[in-house]
Amino acid sequence: MSQTAEPRQCLDRHKSDHTCQGSVTGQPSRAGTGTIIYRCEAGHAASEAYARKVRERYPDSDTPPGWFDPTVAGERWNDDY
Ligand SMILES: [Zn+2]
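Let me begin by describing the structure that accompanies this report. (Residues numbered from 1 in each chain as written. Predicted model: local features only at pLDDT ≥ 70, side-chain atom pairs only at ≥ 80, totals over all residues.)

**Things to note about the pairing of strand β2 (residues 36-39)**
- Burial along β2 is one-sided: Ile37 and Arg39 are buried, and none of Ile36 and Tyr38, which face the opposite way, are.
- With four bridges connecting them, strand β1 (residues 25-28) and β2 associate as antiparallel partners. From the neighbouring strand, glycine 26 faces β2, where its bridge partner is tyrosine 38. (Buried ≥ 20, exposed ≤ 12 C-beta atoms within 10 Å, placed from the backbone. Helix = DSSP H or I, 4+ residues; strand = E, 2+ residues; numbered from the N terminus. Pairing = 2+ DSSP bridges.)

Structural data, given as structure tokens:
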């Protein structure tokens, strides 16, 4: 058995304000879709911080606010977390 070996690269690697740090690891998407999202350690930390900030500002909303950019978090709005 062999799988197509794609290099695992950080999802955030092209962001201008992101510097990759640590090893790239996969974590299941917060959306619960089973999608594995690969980020470096800094990327995962930033994603966590971002998600936490979103929850604090909009604890229960089905509507993404205007500033919400799914490409920032790499995930969907309105996760049942
Ligand atoms: Zn990175």
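**Describing helix α1 (residues 41-57)**
- In this model, α1 (17 residues) spans 25 Å end to end at C-alpha, consistent with the 24 Å of a helix rising 1.5 Å per residue.
- When we look at burial in α1, the residues that qualify are Gly43, His44, Ser47 and Val54. All buried residues of α1 fall inside an arc of 95° around its axis, so they share one side. For α1, the exposed residues set more than 90 degrees away from the buried face come down to Ala49, Arg52, Lys53, Glu56 and Arg57. (Expected span 1.5 Å × (residues − 1). Arc of directions from axis to C-beta.)

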